[in-house]
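# Structure at a glance
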Amino acid sequence: VQLQASGGGLVQAGGSLRLTCVFSGRTFSVYTMDWFRQAPGKEREFVAGISGSGRTTHYSDSAKGRFTISRDNAKNTVYLQMNSLKPEDTAVYYCAADRSGRSPLLTTSGRNFGSWGQGTQVTVSS
């Protein structure tokens, strides 16, 4: 499995970005997909996750109400729509794939993910 994340960039506070993660491999629809982020000097943190079917989603408190995770299983792609961006959202954002079928509510630690993308930088200016 390979993951290719894109869509990051520089945006002003209050702006929006949509991150995209393209999955290369088989049976994308069985994978739980998550987004994590890591800011300089900080630990990696969970942002959002979505089940294989797309029916279950889960968000961190900081993402709730501003970010939306979605997926298109026909395109092997997961998205993270980020609105009302804040300077504290500045980080490298990573997508990750979990084949175990765990609910995204159980994947917030980032442990046991088999595949990670290379990351895309999001910078929010004040």
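See the structure printed just above.
My aim in this report is to walk through the structure given alongside it, one point at a time. (Residues numbered from 1 in each chain as written. Predicted model: local features only at pLDDT ≥ 70, side-chain atom pairs only at ≥ 80, totals over all residues. Heavy atoms only, no water.)

## So, the packing of aromatic side chains
- Overall, the coordinates contain six aromatic pairs when judged by the stated rule.
- A ring pair is formed by Phe-36 and Phe-46, whose centres lie 5.8 Å apart and whose planes are at 75°; its orientation type is edge-to-face. Here Phe-36 is found in strand S4 (residues 32-38), whereas its partner Phe-46 is found in strand S5 (residues 45-50), with 10 residues between them in sequence.
- Judged by its relative accessible area of 1%, Phe-36 is buried.
- Ring-pair connections join several aromatic residues into one group, and the members of that group are Phe-36, Phe-46, Phe-113 and Trp-116.
- Over the ring of Phe-36 we find Arg-44, and its NZ or CZ is 5.5 Å from the ring centre.
- Just above the ring of Phe-28 sits the side chain of Arg-71; from NZ or CZ to the centre is 4.2 Å. (Phe/Tyr/Trp six-rings, centres within 6.5 Å; stacked < 30°, edge-to-face > 60°. Helix = DSSP H or I, 4+ residues; strand = E, 2+ residues; numbered from the N terminus. Buried < 20%, exposed > 50% of the residue type's maximum accessible area, 1.4 Å probe, protein only. Lys NZ or Arg CZ within 6 Å of the ring centre and 35° of its normal.)

## With respect to the pattern of salt bridges
- For the structure shown, the criterion picks out five salt bridges.
- Two residues, Glu-45 and Arg-37, come together in a salt bridge whose shortest N-O distance is 2.5 Å.
- Note that Asp-89 is salt-bridged to Arg-37, the shortest N-O span being 2.9 Å. Of the two residues, Asp-89 sits in the loop between strand S8 (77-82) and strand S9 (91-98) while Arg-37 sits in strand S4, which places them 52 residues apart along the sequence.
- With a relative accessible area of 6%, Arg-37 lands in the buried category.
- Residues joined by salt bridges that share partners form a network here, namely Arg-37, Glu-45, Arg-66 and Asp-89. (Salt bridge = Lys/Arg side-chain N within 4 Å of Asp/Glu carboxyl O.)

## Let's talk about the sheet that holds S8
- Read across the sheet, four strands follow the order S1-S3-S8-S7 without closing on themselves; strand pairing throughout is antiparallel. Edge positions in the sheet fall to strand S1 (2-6) and strand S7 (67-72), since each has one partner strand and no second. The average undirected angle you get between the axes of adjacent strands in this sheet is 15°.
- Of the pairings in the sheet, the one linking S1 to strand S3 (residues 17-24) comprises five bridges and is antiparallel in character. Across the sheet, residue Gln-2 finds its bridge partner in S3, namely Ser-24. (Pairing = 2+ DSSP bridges. Axes fitted to C-alpha atoms, helices over the stretch in contact; angles between N-to-C directions.)

## Examining the environment of Ser-53
- Tracing the sequence through the fold places Ser-53 in the loop between S5 and strand S6 (57-59).
- Accessibility expressed as a relative area gives 44% for Ser-53, which makes it partly exposed.
- Residues Ser-53 and Gln-4, 49 residues apart in the sequence, show an inter-C-alpha distance of 20 Å.

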